[in-house]
Structures are given as structure tokens and as C-alpha cells.
There are 2 protein chains.
Amino acid sequence: MSNNATEDIVINRAESTKIDAVNFDNLVFGEIFTDHMLICDYKQGVWEKPIIQPYAPFLIDPSAKVFHYGQAIFEGMKAYKDDNEDVWLFRPEENYNRFNKSAKRLAMPEVPESVFMDGMKKLLEIEKEWVKKGIGNSLYIRPFMIATGPGVIAAPAKFYRFMIILSPAKAYYSGEVKVIIAEHFSRAANGGIGAAKAAGNYSAQFYPTKLANEMGFQQIIWTDDATHSKLEEAGTMNVFFRINDTLYTAPTSERILDGVTRKSLIDLAKRENINVEVRPVLVEEVIAAAENGTLQEVFGAGTAAVVNPIVGFSYKEKYYELPKLDNPIALDLKKKLTAIQHKVAKDTFGWTVKI
Amino acid sequence: MSNNATEDIVINRAESTKIDAVNFDNLVFGEIFTDHMLICDYKQGVWEKPIIQPYAPFLIDPSAKVFHYGQAIFEGMKAYKDDNEDVWLFRPEENYNRFNKSAKRLAMPEVPESVFMDGMKKLLEIEKEWVKKGIGNSLYIRPFMIATGPGVIAAPAKFYRFMIILSPAKAYYSGEVKVIIAEHFSRAANGGIGAAKAAGNYSAQFYPTKLANEMGFQQIIWTDDATHSKLEEAGTMNVFFRINDTLYTAPTSERILDGVTRKSLIDLAKRENINVEVRPVLVEEVIAAAENGTLQEVFGAGTAAVVNPIVGFSYKEKYYELPKLDNPIALDLKKKLTAIQHKVAKDTFGWTVKI
Ligand SMILES: Cc1ncc(COP(=O)(O)O)c(C=O)c1O
Ligand SMILES: Cc1ncc(COP(=O)(O)O)c(C=O)c1O
């Protein structure tokens, strides 16, 4: 990563900090933001100088294309602090590359590494007090880009704003997660934007998820929209199935986000000599495995929760309860991945990057 | 329509008008906005009083869910002025109902009629100088709603903003439109949000459309994502095919927007004793008709352009040119519909509503 550009970042420091008012033991995910944010504007072909300034609302035109045509993408990553007070990122180049892939799919400009990476590092340096030590503590990083260009004609904007905001996070425990397998609704399609971290994808999930919630399920396992026969993602996470001591997860595609946690878990599982098969996972084989007792675990994988074990699922109005294992792979992999991220275990993969 | 609530609208008038600086003979669609806009905020279950105030940028939090999770919907409609200086809307209840359908699909609150309709009428009264007489002139109306609630957790917001902005428009002539039939990309899926006027849908179209532009085509005819065998929409319009003197258009579905222009053209064509069949239109039958000379016309239908004739299309790298007819149905229907909208022809359908 180049760091030539940090001198080019304009810094306007906040006059005071909000940190003393924050209860770090009692954080709700994504609600509190740090003192500063990064802004970088794109005007008709040129990225301007990034600015770090106090976190605050900003002015935007009512006709900005983000409001009308949904040009908006984001990333989600975390910073961790080790026992030496050093701050670490986890595979940040994966998020950077995915961000620019999302940008391309939404006809938005790619963000230079000097803005995304150096801007993020500078912002984290300024906010390092907000990264707390200890397994489970992290500073959630939200880079995003919106179309600020005005005009209510359906065409890509000429003006964009890239921003980074930061939110302190605690280990994410979402309770007992029951899911429902999607038989009708879908979050993505072939030829669509499901593989992009595009804002519009999430807006599509809320209503079906609300219906699932009303039926007592926390999340939906999304299936392919054309046949609803393949299991693709769980809520806003990738999804793994453990059947007969083999882990199965779908290959990434146009419909599936190429998750950093997913690919890290695959590598980690292989290192642990766990059988992993990346191939389409069919609803019918998982139902059969649940019925003949070979389905051992189902879990989601994503940056926010790392690993999210699922206790049961519903399909065609029938509920399938998963066994309660003494040593689930889900928790073992979560522990091992978290230990690498927090610099407690040796990072044999070279995934961690010091700020 | 109730109009009980107009007294409840707070009005802050602009100190001056921008209208004198506008060249109404040379308008680019969607670039200029009138002096005022309407804002109505929704806070945790309650719609506040609508406010009409000078058009201007507004403040919004960087973590507003519209930026991250794409909760954003809109409508597009027009106001017309007749020779008596009266201002008319065209089937506004259709847009109102569709707006609330979109809201529901995106887990957003429905907007009361007193806010949407009475707010729009009040705003149009104030801006009536911006509606110019004459066929082709109109004031484009853009109601929209965004999630203003903060927080980077993927869940529906608790705060929303409904707005109406207005933009003067000239008859929309888009030049010779050549289209390409989608063989890979898609704008909508079964179980998705294609039937909602959701911002995210449009962001998905830009990149494929850019690729089409680079190949010399202005728009894409979208096909069903699962099989790409059915012709569904053209760009951001519904689409009609005239084969052997019958008009064909796809039935609305979860993948297709229920366009007001489309349904009005169907009624108008029936009144003119034109055969209309609403049923899935297959790519292969249109190709066969193009090859055997029975394909007479293809046109898009939507509020902005009313009717947009297509001169040719490409499929599997072959280009099919449409015949140049002396009296195309497309232009005849456009003329008749425009005449109703502008109160030049008798509105036998009861579609027009006076402000
Ligand atoms: C739709 C979707 N799938 C999967 C993931 C997991 O990706 P990652 O592990 O990179 O966080 C995310 C993001 O968290 C997501 O939004
Ligand atoms: C995707 C899409 N299809 C069709 C239409 C046409 O709808 P209407 O005739 O109501 O403008 C629109 C909006 O203009 C649209 O955005």
C-alpha cells in the first residue's frame, strides 16, 4: 500500500471529543460515531483532496442522484488493538478491491488507493483512542460512496462523495438465530447487482425480513431467485453448512457477495484439516441431511458478527432444529479467526496489516 | 381527494424567484428546479406537518440509512396548463397508490394522502407560473422519500423524509432510439423490488446501459432474469410491440413497473379499436416477426417521454431495423394521450384532475 498521499489530507480537528460520554461496555452496533469523518469529493472526473473533519451532518441537494437512482455503495471492516496499543486492519485490500468492483457495477468512479487506504489509516490514527483492547472489541469502519450530482434524469451522476465513518463495536451476540429459507422473495438475480455491496440490495431485504421476524425468525436464508433450490446467503452474511463433517458453502457468483470472512474461514478450516467443499448447496440435500441426522451445523459469516450460529430453520412450513453440539466448528473457527484479528494468535496467513 | 389538510402546511416563501433566468425553450430534462420544495418528516411513527420552503440543499447525517441501505423511493408525474391558465394533473391517484406500494416493499412508512396530494397541490399553486402552456410543455413533479434515520446496522430506519421537487420540462425528444435486448444483465427478479419505484433498481441499470451506449445503443430492452426469453421493459419505460396490427405488452408482475402511461395507452388503444394483447412477449416471436416482416413497431411508454419510438434493436449480435411507417400507432397514441393531458381533447376517461 502506498502512503505517499497522507500529507495531502486536509485535517480539521474537532474542538472536543465525545469519547468520555461513551459506555464502551454497552454499545449497540452502528449507533455511535467517533469524533471525525473523512470526506473526499469527486467532481467531473477528478478526485479532490480528502478532508478529515468533525463528524457532522452535511448539506446535499434534494435532487442528488443517490436519493433518486440509488448510486450508493459501501464497505464494512474493523480495526483491532493489540496489547502493545498497536492498531490492526484485517485484509483491508480485500475491502478496497471489492469497493471498486461495486463502484464499477454501479457506474460510479473508482476510488484511488491513496484516498481509501491512506485516508482510512490517517483517520484511524486520529481516532486510535476509540479502538479498545480485548477480544470482541473493535472499531467498525464504514467507507461509502454516494452520488451527490444533481438532476432527476436516470443517468449516472457526474459528482460523487466518498466518506469514511467509524463506530466502536462490541462482540456481536445476536441471540439464538432461527432462519427461514426463502421460497418466494429474493435479494439478487443473475445479471443483477447482488455481488456488489450496493445500498439498493439491502433495501430489498427489509420487507421480507420483517415478515420473517413476525413469524419468529431472525433472518432469511436467501436462495437463487430463479429456482429457489440453492442456498446462497443468510441475512447479510455468507452461509456455511456442516454435513457429515464436511463444510459446504456456495461459490461466489453474481448473486453472492464475495465475503472476506467467508474466504478467511475457508482457508482457516483447510488449515485445520476440515473438509471444505465450495459448490452449490441445494435446499433438498440440506433438508435430507436434517432429516437423516447428518446436518450438524449451519452458520452465517460476516464482518459484523464474524460467525453467527443458526439454531434451526424453517422450510415449507416445517421447522428443523439443529443439534446442540459440544464443540461446534462454528465457534472454534470464530475463536481462531478472532484471535488472528486481535493479534493473539500467530497470523500465518499474513492477513493483518498494522496502521 | 381530501383537501382538509392544506391549512396544516407551513409555508416559507422564497424571497425572490429564479424563473426569469430560465430559458423555457431550451430545457434539459430534470436539471432546473422551481423556487420551492415540500418537506415532510416522519419521526418514529408520526408524520409531522409538511413545510413548503425555498428549494435548497438540506442537512443529513452521514449514517442516514438512505446512503447505506438504499431505502429510497420516488414517483414521476407531470402538471399541465390549459388555455384558461388552469393547471391539471394526470391520474395522480395512480402515482399516489404506487408510491405507497413502493414504500411497503421497502419497509418504509406509507405517506398520507393529505401530505402527498394536498402538499403537491399546494406546492403547484405556489409554483403555477412554472407550468407553461402549449403541447409538450409541463412541470415534472418528483415526489420522493428517503430514510434519514441514522445508524449503520442493516435494518429499516425509524426516521424518513418525504419531499416534492418540481422541474420544468419540454417535450422529450430522445433522437433515434436503438435498443439492445438483454441477454445477460437484468434489472429485476422474481421476489425482488422491480415493481417498486425504488432508487436501487436504477443504479443497477446504469452500467449495462453504459455498455450498450458504447456499442451504439441508447437503451436496453430488459428481459426476465431467469430465462432472458421474455421482453419486459425498455430502459426505464414499459414496452409495446406491434405485430400484424396487434399491440402486445407484457402483463405487470413483480419484475415490471405498473406504468401509468402503459395502462393509459392500453385503454386509449382499445377505444381506438386497436387490438391489444396483454401477455408475455417472447424474444423469439419478436425476432420471427422481424424476420418475416410482420413486426411493425416497438415503442417505450413512460411519463417523461410519453411514447418513445424505437427504430431498431440488436439481439445476439444481429441488428434488426424496424420499418419506417407513414402513420405509426406510436405517434398517434402519443398525440391523443398528450391532447388529453393538455386538455385539448375531451377526457372521456376522467383521467385529468384540476388543481
Ligand atoms: C450481502 C452480504 N453477504 C455477505 C457479507 C459478508 O462479507 P464480509 O465477510 O466481507 O463482511 C456481507 C457483509 O458483511 C453482506 O452484506
Ligand atoms: C422502470 C420503469 N418502467 C416504466 C415506467 C413508466 O411508468 P409511468 O408511465 O408511470 O411513468 C417508469 C417510470 O417512468 C419506470 O421507472
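What counts and what doesn't
Residues take numbers from 1 onward in each chain, read along the sequence in its written order. As they are written, the chains are lettered A onward and the ligands numbered 1 onward, keeping that order. Per-residue local features of the predicted model are confined to residues with pLDDT of at least 70, and side-chain atom pairs are confined, for both listing and counting, to 80 or more; whole-chain, interface and lining totals are unaffected and use all residues. By convention in this description, side-chain values take in all heavy atoms of the structure and omit both hydrogens and water. UniProt positions are given in the numbering used here, feature names are shortened, and annotations may be inferred rather than shown by experiment. Any residue with a heavy atom positioned within 4 Å of a molecule or strand is treated as near that molecule or strand. Polar contact criterion, stated in full: a pair of N or O atoms within 3.5 Å, where within protein one must be able to donate a hydrogen and the other to accept it, and residues adjacent in sequence count only if both atoms are side-chain atoms. Reported accessibility uses the Shrake-Rupley method at a 1.4 Å probe radius. Residues are deemed covered only where the shown protein chains occlude them. Helix numbers and strand numbers start at the N terminus; a helix is a DSSP run of H or I with at least 4 residues, a strand a run of E with at least 2. Only protein chains enter the accessibility calculation, which uses a 1.4 Å probe; a residue whose area is less than 20% of its type maximum is buried, one above 50% is exposed, and one in between is partly exposed. We call two residues in contact whenever any of their non-hydrogen atoms come within 4.5 Å of each other. Throughout, the accessible surface (probe 1.4 Å) given up by two parts as they are put together, summed over both, is called the buried area. Here, a salt bridge means any side-chain nitrogen of Lys or Arg that lies within 4 Å of a carboxyl oxygen of Asp or Glu. In this classification, Asp, Glu, Lys and Arg are treated as charged, Ala, Val, Leu, Ile, Met, Phe, Trp, Tyr, Cys and Pro as nonpolar, and every other residue, Gly included, as polar. We call two strands paired when DSSP finds no fewer than two bridges between them. Domain boundaries shown here were taken from an automatic or database domain assignment.

As annotated in an unreviewed UniProt entry, chain A carries the name Branched-chain-amino-acid aminotransferase and comes from Flavobacterium suaedae. Turning to chain A, the UniProt annotation filed under Sequence similarities (unreviewed entry) states: "Belongs to the class-IV pyridoxal-phosphate-dependent aminotransferase family."

Colleague: Can you help me understand the site of ligand 1 in this one?
Modeller: Residues and elements named next belong to chain A. Taken together, 15 residues form the shell around ligand 1, and within it Lys197, Tyr202, Glu233, Thr261 and Thr303 come nearest. Between Arg98 and ligand 1, the recorded distance is 2.9 Å, taken from a side-chain N or O atom to an oxygen atom. Coverage of ligand 1 by the protein chains reaches 95% of its 380 Å² of free accessible surface. Secondary structure elements with two or more residues in the shell around ligand 1: strand 14 (237-243), helix 5 (260-271) and strand 18 (295-302).

Colleague: Would you take a moment to explain the environment of Lys43 of chain B for this structure?
Modeller: Residues and elements named next belong to chain B. Checked against the element boundaries, Lys43 lands in strand 2 (residues 36-43). The exposure class of Lys43 is partly exposed, given its relative accessible area of 39%. With 297 residues separating them in the primary sequence, Lys43 and Ile340 have C-alpha atoms 40 Å apart. Those residues within four positions of Lys43 in sequence are excluded, and the remaining contacts are Glu48, Lys158 and Phe159.

Colleague: I'm lost on the interface of chain B and chain A in this one. Help?
Modeller: The extent of an interface is frequently quoted as the accessible surface area lost upon association of the parts. Contact residues are listed per partner, giving 60 residues for chain B and 60 residues for chain A. Roughly 5000 Å² of surface becomes buried between chain B and chain A when both sides are summed, with 66% attributable to carbon and sulfur atoms. Linking chain B to chain A there are zero salt bridges. On inspection of chain B and its partner chain A, the count reaches 21 residue pairs in polar contact (both at pLDDT 80 or more). Among the elements of the structure, strand 5 (58-60), helix 1 (65-69), strand 6 (72-74), helix 2 (92-105), strand 9 (138-147), strand 10 (159-169) and helix 4 (199-214) of chain B are those that each provide at least two residues to the side of chain B that touches chain A. Ranked by the residues each element gives to the side of chain B that touches chain A, the list is headed by helix 4 of chain B, at nine residues. Residues belonging to the side of chain B that touches chain A are distributed by class as follows: 39 nonpolar, 14 polar and seven charged. Here strand 5 (residues 58-60) of chain A pairs with strand 5 of chain B via three bridges, running antiparallel. Of the residues in strand 5 of chain B, the one forming a bridge with Leu59 of chain A is Leu59 of chain B.

Colleague: What is the right way to look at the domain arrangement of chain A in this model?
Modeller: All names here are of chain A. What the domain assignment reports for chain A is domain 1 (10-171) and domain 2 (177-341). The straight-line distance from the C-alpha centre of domain 1 to that of domain 2 is 27 Å. Taken residue by residue, the interface counts 19 residues in domain 1 and 22 residues in domain 2. Where domain 1 abuts domain 2, roughly 1800 Å² becomes buried across the two surfaces, and 61% of that area is made up of carbon and sulfur atoms. A per-residue breakdown of the area domain 1 buries against domain 2 is headed by Phe74, Phe90 and Arg98, which together make up 33% of the total. On the surface where domain 1 and domain 2 come into contact, there are one salt bridge. With a closest N to O distance of 2.7 Å, Lys263 and Glu94 form a salt bridge. Our enumeration of links across domain 1 and domain 2 arrives at eleven residue pairs in polar contact (both at pLDDT 80 or more). Mapped by element, the contributors of at least two residues to the side of domain 1 that touches domain 2 are strand 6 (72-74), strand 7 (77-81) and helix 2 (92-105). The greatest single-element share of the side of domain 1 that touches domain 2, amounting to five residues, is contributed by helix 2. Here the side of domain 1 that touches domain 2 is composed, by residue class, of ten nonpolar, three polar and six charged.

Colleague: What should I look at first to understand the pairing of strand 14 of chain A in this one?
Modeller: The two faces of a sheet get side chains in turn, since along a regular strand they alternate between them. All names here are of chain A. Most of strand 14 sits out of view: seven of its seven residues are buried. Note that strand 13 (residues 230-234) and strand 14 share two bridges and pair antiparallel. The residue bridging Glu233 from the neighbouring strand is Asn238, located in strand 14. Taking the residues between adjacent antiparallel strands as the criterion, strand 13 and strand 14 are bridged by two residues, where Gly235 takes a positive phi near 60 degrees. By the bridge criterion, three bridges tie strand 14 to strand 15 (residues 246-249) in an arrangement that is antiparallel. Within the sheet, the bridge partner assigned to Arg242 lies in strand 15 and is Leu247.

Colleague: Explain the site of ligand 2 to me, please; I cannot follow it from the model alone.
Modeller: All names here are of chain B. Taken together, 15 residues lie near ligand 2, and Lys197, Tyr202, Glu233, Thr261 and Thr303 sit nearest. In the environment of ligand 2, an oxygen atom lies 3.0 Å from a nitrogen or oxygen atom belonging to the side chain of Lys197. Here an oxygen atom of ligand 2 sits 2.4 Å away from a polar atom, N or O, in the side chain of Tyr202. Contact with the protein chains removes 94% of the 390 Å² of surface that ligand 2 exposes when unbound. When residues of the shell around ligand 2 are traced back to their parent elements, those giving at least two are strand 14 (237-243), helix 5 (260-271) and strand 18 (295-302). Tallied by class, the residues present in the shell around ligand 2 amount to five nonpolar, six polar and four charged.

Colleague: What is the right way to look at the pattern of salt bridges in this model?
Modeller: As a working rule, side chains carrying opposite charge can pair if their charged atoms are close by. Across all of its chains, the model carries 42 salt bridges over all chains by this definition. A salt bridge links Glu125 of chain A to Lys122 of chain A, with the shortest nitrogen-to-oxygen separation between them at 3.3 Å. Placement of both Glu125 of chain A and Lys122 of chain A in helix 3 (residues 113-126) is noted, with a separation of three residues, approximately one turn of the helix. Note that Glu297 of chain B and Arg242 of chain B form a salt bridge whose closest N and O atoms lie 2.6 Å from each other. Placement of Glu297 of chain B in strand 18 and of Arg242 of chain B in strand 14 is noted, with a sequence separation of 55 residues between them. Pair check on accessibility: Glu297 of chain B and Arg242 of chain B agree, each one buried. Taken together, the salt bridges that share partners define one network made up of Arg91, Glu94, Asp258 and Lys263 of chain A.

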